[in-house]
Amino acid sequence: EDKVVQSPLSLVVHEGDTVTLNCSYEVTNFRSLLWYKQEKKAPTFLFMLTSSGIEKKSGRLSSILDKKELFSILNITATQTGDSAIYLCAVEPHTGNQFYFGTGTSLTVIP
Amino acid sequence: DAEITQSPRHKITETGRQVTLACHQTWNHNNMFWYRQDLGHGLRLIHYSYGVQDTNKGEVSDGYSVSRSNTEDLPLTLESAASSQTSVYFCASSANRGRRTGELFFGEGSRLTVL
């Protein structure tokens, strides 16, 4: 059965800290892995990863994929209170157009 | 700008009532999805559609139905609402794989409470 597991489930850090969020997956015929940020409302897209070892970066956020070990990490450096959110990982297989989501990591950044 | 809208945004209903949540997208996407989000479960797929007249069951489809009569709309119906269906519901859409960046576009969510 296809599944996506995120860890930790929740995390509380102080402003300025660096955090690493984890996403491991078991999905048949992997095509891509996506990261989303969800604040109060709809998830918003952060990154899509398809190739191992190639870092995607946007400001203080970066992500990388390891297709051999079947996981991805999302790094946030110099965290700010605005980074407080649920971070969702989703995996897309080659077959069909579905996305399998993990349970999310709830990040709280304390001033 | 293209968008995806859900209505109502909040609804309270009673057990046994029929409820329909609307989803309308102007992206001209073929693929549309309904998810529910509950604490500890993340986003779970209810139903999805790859085009007009196409509907498919997701992992938590019992008690729900959808219909796709045009490209823009995928309404979700709870035939007889149950307290276990209290949740936040998200509609999403995506383009077909050949033209897609990989992104799912989400609506703002509909919070349903069944008393």
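Reference entry: report on the structure contained in this document. Remember, it's a predicted structure, so these values are computed and weren't measured experimentally.

This paragraph deals with the sheet that holds strand E8 (residues 76–78) of chain B. Residue and element names in this part refer to chain B. Ordered in space as E1-E3-E8-E7, the 4 strands form an open sheet in which the pairing is antiparallel. Since the sheet does not close on itself, it has two edges, and those belong to strand E1 (4–7) and strand E7 (64–66), each with one partner. When strand polarity is set aside, the average angle formed by the axes of neighbouring strands in this sheet is 20 degrees. Summarising the sheet, strand E3 (residues 19–25) and E8 pair through 3 bridges and their orientation is antiparallel. What sits directly across from leucine 21, in E8, is leucine 76.

Often the size quoted for an interface is simply the accessible area lost on bringing the parts together. On the side of chain A, 21 residues touch chain B, which itself brings 22 residues to the contact. In this assembly, chain B packs against chain A so that about 1800 Å² is buried in total across both faces, 52% of it on carbon and sulfur atoms. Summed over the shared surface of chain B and chain A, the result is 1 salt bridge. Among the elements that line the side of chain B that touches chain A, the one with the most residues is strand E5 (residues 42–51) of chain B, at 5 residues. Its residues assigned to classes, the side of chain B that touches chain A comprises 9 nonpolar, 9 polar and 4 charged.

Parameters and conventions
- Residues numbered from 1 in each chain as written.
- Chains lettered and ligands numbered in written order.
- Predicted model: local features only at pLDDT ≥ 70, side-chain atom pairs only at ≥ 80, totals over all residues.
- Heavy atoms only, no water.
- Pairing = 2+ DSSP bridges.
- Helix = DSSP H or I, 4+ residues; strand = E, 2+ residues; numbered from the N terminus.
- Axes fitted to C-alpha atoms, helices over the stretch in contact; angles between N-to-C directions.
- Contact = heavy atoms within 4.5 Å.
- Buried area = accessible area lost by both parts, 1.4 Å probe.
- Salt bridge = Lys/Arg side-chain N within 4 Å of Asp/Glu carboxyl O.
- Nonpolar A, V, L, I, M, F, W, Y, C, P; charged D, E, K, R; others polar.

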